[in-house]
Amino acid sequence: MILTSKNNPLVKETASLKEKKGRKELGLFLVEGVKMSRECQTSGFEIDRVFLSENYEGEVFDYQNTVRVSGDVLKVISDEKTPQGVICRVKIPQKTIQKPTGKCLILDGVSDPANMGAIIRTANAAGYKEIYLTPDCTDPYSPKSVRASMSGIFFTKLYFGTREEIIEALDGVAVFVADMDGENIFSINPPEKFALAIGNEGNGISKEIFSCASKTIRIPMQETQESLNASVAAGICMYLLSKNEFSAN
C-alpha cells in the first residue's frame, strides 16, 4: 500500500516535525537520507517510523513501522529541496543533566542552526562527547542542524539546562571561555577534564557563564580580521585544546 494523501493524519503529524513546536509535542525529530538513517540505527537511537518513497529501491530498512509514500507526500514530509527517498521519525533522547566524564562543550546561546550542527559535528570528531546547551540555543534537532551535524548528533550527549544547572553540573571543572580579550589559546595547557564555552554569534558569552570561567581564551588573528564564524572558532578551539591528545596519534 502506498500512502498518497497529503492530508493523511500521519503525514500531517510527521510534517509538523519540521517545526520546533511539533518536535516538542511529539518528542520526535526527522532524519533524512540513507547514510544518516543507517548511522542513526547504528548509534542506538530509537527509530519510530521509516518513510520510503514509492520508487525507492536502495538499502533495505527492515522495520515493522515502514510506510511507502508517493513522491508528493515525501516532499510534504521532507525538509530538503530534493528528498533522498528515506525519512525516519526518531525519538529525541531524554537525558537528565549529569556531570561530564571528560572534556565537554557549553553552548551559550548559539542561535544559528547551521552553526549548531557544525559544532556538534566537530565535537564528535574531536572527542567532546558531552554538550551542554542553554535555553536560548537554537534547537539542535531541527532538520537544518541535524543535517549539518553529519551524524554527529547521534554520537554526542546533549544536555539541556538553565545556566545555573549547567554551572552546578560543571562544579570543579575548569571552564575555558572563548573571548576576544582572552589569553592566546596557543599558550594554554588544559587539564584532562575541562569545558569549552562558546557564546552567541552576536552577543558572545553571557555574564553567568563568564563568571565561572577559569580562563578566557582567544584565537590570534590578523588585524584586518575582526572575528571568525562561531562554528569555525569552536572547531579551532576544540582541536587546539586537545593538541596533546592528537599529537600522539
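Criteria and cut-off values
- Residues numbered from 1 in each chain as written.
- Predicted model: local features only at pLDDT ≥ 70, side-chain atom pairs only at ≥ 80, totals over all residues.
- Heavy atoms only, no water.
- Helix = DSSP H or I, 4+ residues; strand = E, 2+ residues; numbered from the N terminus.
- Rg over C-alpha atoms; globule rule 2.2 N^0.38 Å.
- Buried < 20%, exposed > 50% of the residue type's maximum accessible area, 1.4 Å probe, protein only.
- Contact = heavy atoms within 4.5 Å.
- Areas by Shrake-Rupley, 256 points an atom, 1.4 Å probe, with all protein chains shown as cover.
- Lys, Arg positive; Asp, Glu negative; His and termini not counted.
- Charge placed at Lys NZ, Arg CZ, Asp CG, Glu CD.
- Pairing = 2+ DSSP bridges.
- Axes fitted to C-alpha atoms, helices over the stretch in contact; angles between N-to-C directions.
- Salt bridge = Lys/Arg side-chain N within 4 Å of Asp/Glu carboxyl O.
- Parallel < 35°, antiparallel > 145°, perpendicular 65-115°, else oblique.
- Left-handed = near helix turned anticlockwise from the far one by under 90°.
- Polar contact = N/O pair within 3.5 Å; in protein donor to acceptor, adjacent residues only side chain to side chain.
- Core = buried A, V, L, I, M, F, W, Y, C linked by side-chain atoms within 4.5 Å.

With that settled, the discussion passes to the overall build of the chain. A count of helical and extended segments in the chain gives ten helices and eleven strands. In terms of C-alpha radius of gyration, the chain reaches 20 Å, essentially the compact-globule figure of 18 Å for 249 residues. Across its three principal axes, the chain shows a C-alpha extent of roughly 60 × 35 × 35 Å. Relative to its 249 residues, the chain shows a buried fraction of 47%. Taking the intrachain contacts of the chain between residues at least 6 apart in sequence as the baseline, contacts between residues at least 24 apart amount to 76%. Element-wise, carbon and sulfur atoms account for 47% of the exposed surface of the chain, whose accessible area totals about 12700 Å². Separation between the mean location of the 29 positive side-chain charges and that of the 32 negative ones in the chain comes to 3 Å.

With that out of the way, let us pick up the sheet that holds strand E9 (residues 174-184). Consider a sheet: its strands pair through backbone hydrogen bonds, and that pairing is either parallel or antiparallel. Spatially, the six strands line up as an open sheet ordered E8-E7-E6-E10-E9-E11, and their pairing is parallel. Across the chains shown, the open sheet's two edge strands, defined by having one partner strand only, are strand E8 (157-160) and strand E11 (215-218). Strand-to-strand twist across the sheet, computed as the mean angle between neighbouring axes with direction ignored, equals 30 degrees. Across four bridges, strand E7 (residues 130-133) lies against E8 in parallel orientation. Opposite Leu133, over in E8, you have Phe160 as the bridge partner. Contacts between helix H5 (residues 113-126) and the sheet are confined to strand E6 (104-108), E7, E8 and strand E10 (194-199), with E6 contributing the most and set at about 170 degrees to the helix.

This next bit is on the sheet that holds strand E4 (residues 66-69). Pairing is mixed across the open sheet formed by five strands, whose spatial order is E1-E4-E3-E5-E2. The sheet terminates laterally at strand E1 (2-3) and strand E2 (28-32), the two strands that pair on one side only. Of the pairings in the sheet, the one linking strand E3 (residues 47-53) to E4 comprises four bridges and is parallel in character. Across the sheet, the residue bridging to Ser53 is Val69, located in E4. Helix H3 (residues 34-43) rests against E2, E3 and strand E5 (86-91) of the sheet, and its axis sits at about 130 degrees to E2.

All right, on to the pairing of E2 then. Burial runs high along E2: five of the five residues are buried. Residue alternation in E2 divides its side chains into two sets, Leu28, Leu30 and Glu32 and Phe29 and Val31, and both sets are buried. Bridging between E2 and E5 involves five bridges; their strand directions are antiparallel. Residue pairing for E5: Leu30 is matched across the bridge by Arg89.

Taken as a whole, this structure holds ten salt bridges when the rule is applied. Residues Asp108 and Arg163 are paired through a salt bridge, measuring 2.8 Å at the closest nitrogen-oxygen approach. Here the residue Asp108 occupies a position in strand E6, and Arg163 occupies one in helix H7 (residues 163-169), the gap between them amounting to 55 residues. As a salt-bridge pair, Asp136 and Arg163 come within 2.8 Å of each other at their nearest N and O atoms. Of the two residues, Asp136 is situated in the loop between E7 and helix H6 (143-149) and Arg163 in helix H7; the sequence distance between them amounts to 27 residues.

Another point: the packing of H5 against helix H9 (residues 230-240). The contact between H5 and H9 brings their axes to 9 Å, and the two run at 15 degrees. In this view, H5 runs roughly parallel relative to H9, as classed from their interaxial angle. Here the hand of the crossing between H5 and H9 comes out right-handed. Where H5 approaches H9, its residues Asn115, Ala118, Ile119, Thr122, Ala123, Ala125 and Ala126 are matched on the opposing element by Ala230, Ser231, Ala234, Gly235, Met238 and Tyr239.

Our next topic: the environment of Thr14. Here Thr14 lies in helix H1 (residues 9-15). By relative accessible area, which is 0% here, Thr14 ends up buried. Dropping the residues within four chain positions of it, Thr14 is found in contact with Leu30, Phe51, Ile77 and Arg89. In terms of polar contacts, Thr14 uses its side chain to reach the backbone carbonyl oxygen of Leu10, at 2.8 Å.

Right, let's get into the nonpolar core. Counting residues in each nonpolar core, the largest one holds 45 residues, and the members touching the most others are Phe29, Val31, Leu105, Leu107, Met238 and Leu241. Leaving out residues up to four positions away in the same chain, Val31 has contacts with Met36, Ser37, Cys40, Val86, Ile87, Cys88, Val90, Val146 and Phe154. Grouped together as the second largest cluster of nonpolar side chains are 14 residues, Ala169, Val173, Ala195 and Ile209 included.

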